[in-house]
Amino acid sequence: MRFLFMFVVLAALAVSLSLMVNSPAQAQGYGNDPNIAMLDNCSTTDPGYAPFGGCPQDSTTKAHQGDVSAGEFLALLTSPLAPGNQVIGHPSWRNEPSYITVRSGQNIRVSNRGGRVHTFTEVANFGGGFISPLNGALTPAPECGSGVPNPNVKFVAVGDTQTLSGLGTGLRKFQCCIHPWMRAAIRVQ
Ligand SMILES: [Cu+2]
């Protein structure tokens, strides 16, 4: 009986540890700041990403384990059910969480836990980015610039973190200027 109890305790511990390792909250967790993870599951072993900057694994955290090929990424960019070249985008390219509420004055840490470069750019209206083949029918958001990266657009490399501070109150909108379906909204109270 005692052995069974110990077994259950150890099993519960193992499960909770594995949840800590795998959960985005853990991947995001530093200090008490609210955290958002920019994620993608690009395959680190698929040479299809090489012409577009590759899909490296962060050498420090080793957090990224990708299984999405470049071919699958492109196949899910659009859908036959969304005519007119509308961009749908691979769901693995996403921000988690993509909606948070914070108090005025709080900093927000946005970390790239994927294998591709992303941006977390504030926009007045959601739109396209500056990589036109990934925009489909979307009009580029002016904040992203058109054709070339805007100096105000900050690239967040794999494993890096961008800290947002001094956001005014209201509903603030952010998107990736490379993968425009990676959106987020932050309500600042
Ligand atoms: Cu992106």
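Preceding block: the structure.
From a predicted model like this one, the values you see are computed outputs, not experimental measurements.

A.B. asks: Which parts of the structure should I look at to understand the overall build of the protein chain?
C.D. replies: The number of helices and strands found in the protein chain is three helices and ten strands. If you list the helices and strands of the protein chain from N to C, you get α-α-β-α-β-β-β-β-β-β-β-β-β. For the protein chain, with 189 residues in total, the buried portion stands at 39%. When contacts within the protein chain are restricted to residue pairs at least 6 apart in sequence, long-range pairs at least 24 apart make up 68% of them.

A.B. asks: Any chance you could explain unusual backbone geometry here in plain terms?
C.D. replies: Leaving glycine aside, a negative phi is the common case for residues, and trans is the common case for peptide bonds. The residue after Glu96, namely Pro97, is reached through a cis peptide bond having omega -15 degrees. Along the chain, the position of Pro97 falls in the loop between β2 (94-96) and β3 (99-102). One non-glycine residue, Asn85, adopts positive backbone phi at about 60 degrees. Counting through the fold element by element, Asn85 comes out in the loop between α3 (70-75) and β2.

A.B. asks: Looking at this structure, how should I read the coordination of the copper ion?
C.D. replies: Working reference: metal with six octahedral donors, ideal angles 90 or 180 degrees; metal with four tetrahedral donors, ideal angle 109.5 degrees. Those protein atoms acting as donors to the copper ion are His118 (ND1), Cys176 (SG) and His179 (ND1), and they sit at 2.0 to 2.2 Å. Read in sequence order, the donor residues for the copper ion give the motif H-x57-C-x2-H. Pair noted here: His118 is in strand β5 (residues 118-119) and His179 is in the loop between β9 (170-175) and β10 (183-188), with a separation of 61 residues, a long-range link. For the residue pair His118 and His179, the accessibility class agrees, reading buried in each case.

A.B. asks: How do you make sense of the packing of aromatic side chains when you look at a structure like this?
C.D. replies: Given two aromatic rings, one states the distance between the centres and the angle between the planes to describe the pair. One pass over the full model with this rule turns up four aromatic pairs. Taken together, a centroid distance of 4.6 Å and an interplanar angle of 45 degrees make the contact between Phe73 and Trp93 tilted. Residue Phe73 is found in helix α3, and its partner Trp93 is found in the loop between α3 and β2; the two are separated by 20 residues along the sequence. For Phe73, a relative accessible area of 8% corresponds to the buried category.

A.B. asks: Can you walk me through the nonpolar core in this structure?
C.D. replies: One broad trend across soluble globular proteins is that nonpolar side chains are buried collectively. Of all hydrophobic cores here, the largest spans 34 residues; its most connected members are Tyr49, Trp93, Ile108, Phe120 and Ile186. The element best represented in this core is β10, accounting for three residues.

A.B. asks: Explanation requested: the state of the cysteines in the structure shown.
C.D. replies: Cysteine pairs can be covalently joined through their sulfur atoms, and such a bond is termed a disulfide. Applying the stated criterion across every chain yields a total of two disulfides. Between Cys42 and Cys55 runs a disulfide, and the two sulfur atoms are separated by 1.9 Å. An S-S torsion of about 85 degrees defines the bridge between Cys42 and Cys55 as right-handed. Separated by 13 residues along the polypeptide, Cys42 in the loop between β1 (35-39) and α3 and Cys55 in the loop between β1 and α3 bring together distant segments of the chain. Neither Cys42 nor Cys55 differs from the other in exposure class; each is buried.

Calculation criteria
Residues numbered from 1 in each chain as written. Predicted model: local features only at pLDDT ≥ 70, side-chain atom pairs only at ≥ 80, totals over all residues. Heavy atoms only, no water. Helix = DSSP H or I, 4+ residues; strand = E, 2+ residues; numbered from the N terminus. Buried < 20%, exposed > 50% of the residue type's maximum accessible area, 1.4 Å probe, protein only. Contact = heavy atoms within 4.5 Å. Donors = N, O, S within 2.8 Å, 3.2 Å for Na, K, Ca; no water. Phe/Tyr/Trp six-rings, centres within 6.5 Å; stacked < 30°, edge-to-face > 60°. Core = buried A, V, L, I, M, F, W, Y, C linked by side-chain atoms within 4.5 Å. Disulfide = S-S within 2.5 Å.

Nothing here speaks to function; it is geometry throughout.
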